[in-house]
Amino acid sequence: QNKNITPIIVAFFTLAINYGTRGSFGLFLKPLEGEFETSRAVISSILSITMLTYSALAFFTGYLIDRFGPKVVLLIGGLLAATSFMVSSAATSLLQITLSFGIIFGAATCFLSQITAVSLLVKLPSGGNTLALGLVGSGPAIGSLFLSPSIAALIVSIGWRSTMKVIGWSFLIY
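> Now, about the overall build of the protein: what can you tell me, with residues and values included?
Across its full length, the protein carries nine helices and zero strands. Secondary structure elements in the protein, listed N-terminal to C-terminal, are α-α-α-α-α-α-α-α-α. For a compact globule of 174 residues, the expected C-alpha radius of gyration is about 16 Å, and the protein comes in at 16 Å, within 12% of that figure. Per-residue burial over the protein gives 43% buried out of 174 residues. In the protein, the share of contacts with a sequence separation of at least 24, taken over all contacts with a separation of at least 6, comes to 81%. In the form shown here, the protein has an accessible surface area of approximately 8,900 Å², with 70% of it arising from carbon and sulfur atoms. Charged side chains of the protein number 9 positive and 4 negative; the gap between the two group centres comes to 16 Å.

So, in structure tokens, the structure goes:
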């Protein structure tokens, strides 16, 4: 029984952290706008690049899971996410944030998406799969519910760069 709960917990927290942090990008708009003296539209386009990267890599993510397993893909995704936030925290230009958050985090968020999370649940014994899927499916909402206000408070208290470092370390620790 304990063996069955581990993939559910991992999948839930993977989606909560991934979507909670990605959904909080809007909180960085104003600080980035001031830091790099550009418009919110330009900064918002970084998230569009993140989503384009995510979309472009979805098929490849499935391939990697089939070839190496979901644990390896989760590990790569976590390392990419941590790298993305650490590089973004030290960025001196908008191009660096576009590459680190738009491309690197776009790949990370795909590797840490439902594609990988659901693949963890496939081998669970039948009878509990839909319950597990329902629980795991609530991860993105729960992550956003708790991470958005936490990230907002961090930005106010320690600044956007330090907040990105905290998020990066969170991905490494998880």
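> Describe the packing of aromatic side chains, with residues and values.
For the structure on display, the rule yields nine aromatic pairs. Summarising the aromatic geometry, the rings of Phe85 and Phe105 are spaced 5.1 Å apart at their centres and angled 75 degrees between planes, so their arrangement reads as edge-to-face. Highlighted residues: Phe85 in helix α4 (residues 70-89) and Phe105 in helix α5 (residues 94-111), separated in sequence by 20 residues. Neither Phe85 nor Phe105 differs from the other in exposure class; each is buried.

> Describe the side chain of Thr61, with residues and values.
In this fold, Thr61 is placed in helix α3 (residues 40-68). By relative accessible area, which is 0% here, Thr61 ends up buried. Apart from residues lying up to four places away in sequence, Thr61 is in contact with Val73, Cys110, Phe111, Ile115 and Thr116.

> Can you lay out the nonpolar core for me, pointing to particular residues and giving the numbers?
Core analysis: the largest hydrophobic core is formed by 37 residues, its most contacted members being Phe28, Leu32, Ile97 and Phe171. With six residues, the single largest contributor to this core is α5.

> Break down α5 for me, with residues and values.
The first and last C-alpha atoms of α5 sit 24 Å apart over 18 residues, in line with the 26 Å expected at 1.5 Å per residue. A large share of α5 lies buried, amounting to 13 of its 18 residues.

> I'd like to hear about a nonpolar patch on the surface, residue by residue, with values.
Taken together, Leu75, Leu79, Trp169, Leu172 and Ile173 make up a surface patch of nonpolar side chains, about 560 Å² in accessible area. Of all the elements in the fold, those that place two or more residues in the nonpolar patch are α4 and α9 (160-173). Ranked by residues supplied to the nonpolar patch, first place goes to α9 with three residues. Its location among the elements puts Leu172 in helix α9.

> Would you mind going over the confidence of the model for the protein in detail, with residue names and values included?
Predicted confidence across the protein gives a mean pLDDT of 93, with 97% of residues reaching 70 or more. Here helix α7 (residues 129-137) is the element of the protein with the lowest mean pLDDT, 86, and helix α8 (residues 139-158) is the one with the highest, 97.

> Describe the pattern of salt bridges, listing the residues and the values that go with them.
For the structure on display, the rule yields two salt bridges. Between Arg40 and Glu33 there is a salt bridge; the shortest N-O distance is 2.9 Å. Classification of Arg40 by relative accessible area gives partly exposed; the value is 40%. Taking relative accessible area as the criterion, Glu33 reaches 24% and is therefore assigned partly exposed. A salt bridge links Glu35 to Arg161; the nearest nitrogen and oxygen atoms lie 2.8 Å apart. In this pair, Glu35 sits in helix α2 (residues 29-36) while Arg161 sits in helix α9, placing the two residues 126 residues apart along the sequence.

The rules behind the values
Residues numbered from 1 in each chain as written. Predicted model: local features only at pLDDT ≥ 70, side-chain atom pairs only at ≥ 80, totals over all residues. Heavy atoms only, no water. Helix = DSSP H or I, 4+ residues; strand = E, 2+ residues; numbered from the N terminus. Rg over C-alpha atoms; globule rule 2.2 N^0.38 Å. Buried < 20%, exposed > 50% of the residue type's maximum accessible area, 1.4 Å probe, protein only. Contact = heavy atoms within 4.5 Å. Areas by Shrake-Rupley, 256 points an atom, 1.4 Å probe, with all protein chains shown as cover. Lys, Arg positive; Asp, Glu negative; His and termini not counted. Charge placed at Lys NZ, Arg CZ, Asp CG, Glu CD. Phe/Tyr/Trp six-rings, centres within 6.5 Å; stacked < 30°, edge-to-face > 60°. Core = buried A, V, L, I, M, F, W, Y, C linked by side-chain atoms within 4.5 Å. Expected span 1.5 Å × (residues − 1). Patch = residues over 30% accessible without salt bridge, like charges linked within 9 Å, V, L, I, M, F, W, Y side chains within 5 Å. Salt bridge = Lys/Arg side-chain N within 4 Å of Asp/Glu carboxyl O. pLDDT = per-residue confidence, 0-100.

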